[in-house]
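Structural overview for review
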Amino acid sequence: MTVDDTTSGAGTQPPSEPSVHATPHHEVDHTAEPTDDPLAIRLEQLILGADRRYTPFQAARTAGVSMDLASRFWRAMGFADIGQAKALTEADVLALRRLAGLVEAGLLSEPMAIQVARSTGQTTARLAEWQIDSFLEGLTEPPEPGMTRTEVTYPLVELLLPELQEFLVYVWRRQLAAATGRVVQAADDEEMVDRRLAVGFADLVGFTRLTRRLEEEELGELVEAFETTSADLVAAHGGRLIKTLGDEVLFAADDAGTAAEISLRLIEAMTQDEIMPALRVGIAFGTVTTRMGDVFGTTVNLASRLTSIAPKDAVLVDGAFAEELTRTGDAPASEAQAAEEAAVAEKERQEGVESAAAPKYRYGLQPMWQRPVRGLGVVEPWLLARRGTS
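Below is a summary of the structure that appears in this document. Everything numeric here is computed off the predicted structure, so don't read it as measured data. (Residues numbered from 1 in each chain as written. Predicted model: local features only at pLDDT ≥ 70, side-chain atom pairs only at ≥ 80, totals over all residues. Heavy atoms only, no water.)

Comments concerning helix H2 (residues 56-63)
- By the burial criterion, the buried members of H2 are Pro-56, Ala-59, Ala-60 and Ala-63. Projected down its long axis, H2 carries its buried residues within an arc of 95°, all on one side.
- Of the surrounding elements, those touching the buried residues of H2 are helix H3 (67-76) and helix H4 (90-104).
- Of the residues trailing H2, Gly-64 is marked for its positive phi of about 75°. (Buried < 20%, exposed > 50% of the residue type's maximum accessible area, 1.4 Å probe, protein only. Helix = DSSP H or I, 4+ residues; strand = E, 2+ residues; numbered from the N terminus. Arc of directions from axis to C-beta. Contact = heavy atoms within 4.5 Å.)

Side note on the nonpolar core
- With 37 residues, the main nonpolar core has Leu-279, Phe-321, Leu-325 and Leu-384 as its most contacted residues.
- Per-element accounting of this core gives the leading share, eight residues, to helix H10 (residues 256-271).
- With residues up to four places along the chain from it excluded, the contact list for Leu-279 reads Ala-202, Asp-203, Leu-204, Val-205, Phe-226, Leu-266, Ile-267, Met-270, Pro-311, Lys-312, Asp-313 and Ala-314.
- Of all hydrophobic cores here, the second largest spans 22 residues; its members include Met-77, Leu-88, Val-93 and Ala-113. (Core = buried A, V, L, I, M, F, W, Y, C linked by side-chain atoms within 4.5 Å.)

Quick look at the pairing of strand S2 (residues 240-244)
- As paired elements, S2 and strand S3 (residues 248-253) share four bridges and run antiparallel to each other. When the bridges of S3 are listed, Thr-244 appears paired with Val-249.
- Counting the residues that bridge the hairpin from S2 to S3 gives three residues, and of these Gly-246 lies at a positive phi of roughly 80°. (Pairing = 2+ DSSP bridges.)

What follows is the structure, given as structure tokens:
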């Protein structure tokens, strides 16, 4: 619901002469107008819990916020331009007042408040689209002949809305608690922002060919199955799913051992599914910058490059990841070392010497040929495999 305004970097315009410019972050339709469809209006009132009352200018003025700042908040949240139509509610005024109040109180800088609005808008927009396209669409099939979908939609939304709202807040609080716990456990203040993580990409091999061979519905089901399986495995084994890209998922973990287990579980799950194409995974370990739930930096780029050169149904990792697995005792420095440790332990056992058993490593690492990687120089990838049972 972006409103008449200047771009985010310009000064405030006089109220009597509002202007319209799209920010480079979000393309908006400056001709968009609120719908006049009776059912759509009734649903909007039900969901928002209030009637249309304000134009954008009136909402900003009532909230005590400049049009410039209000417009930047609305753009960041991804709302379409409504010109100066009377389409905003008390909730819109309250939201503006709250965001501006956080800035005025010094709890958030203005750029950070914009970032909060943008990250919330992007996340919830995707959630809302999914719920309508995949969830409500199926539930609103008319239960009896002669009934229309619209006759079913309103009472269904009325019943679901409070339950979904409570569930959304619950999940958000749990995720916020988990994220806060991870951050405060960082070694120092610098690591709270630029953290050392294991970052992995898992990519379906030959996906482009599949798009030409499969029907749209079949392709959609395959992608959904891949994303669902990946999300479940990443979460179950202590990682975090950063994002899905159709034929690729990006995940992160606080330690190399967790990332190794996730990657191998992904390979094993996909190979057991006859419908799924082959999978390849690349993982790197190092400093990562996190912004708006995403990850950036050389470590992420390296993981992506490793994925592109990984063999089918295999996991390639970088040298830093291999060193971290060795340091934590999850993998031997070499298979020769592991064999020597096992031989020493067996000899001592036969001689009746009481000693510690040979280490039981979970993973094995095989060095691959060094190769140049575009933009990152020469790297030495390692092939990750499972040793024994986990």
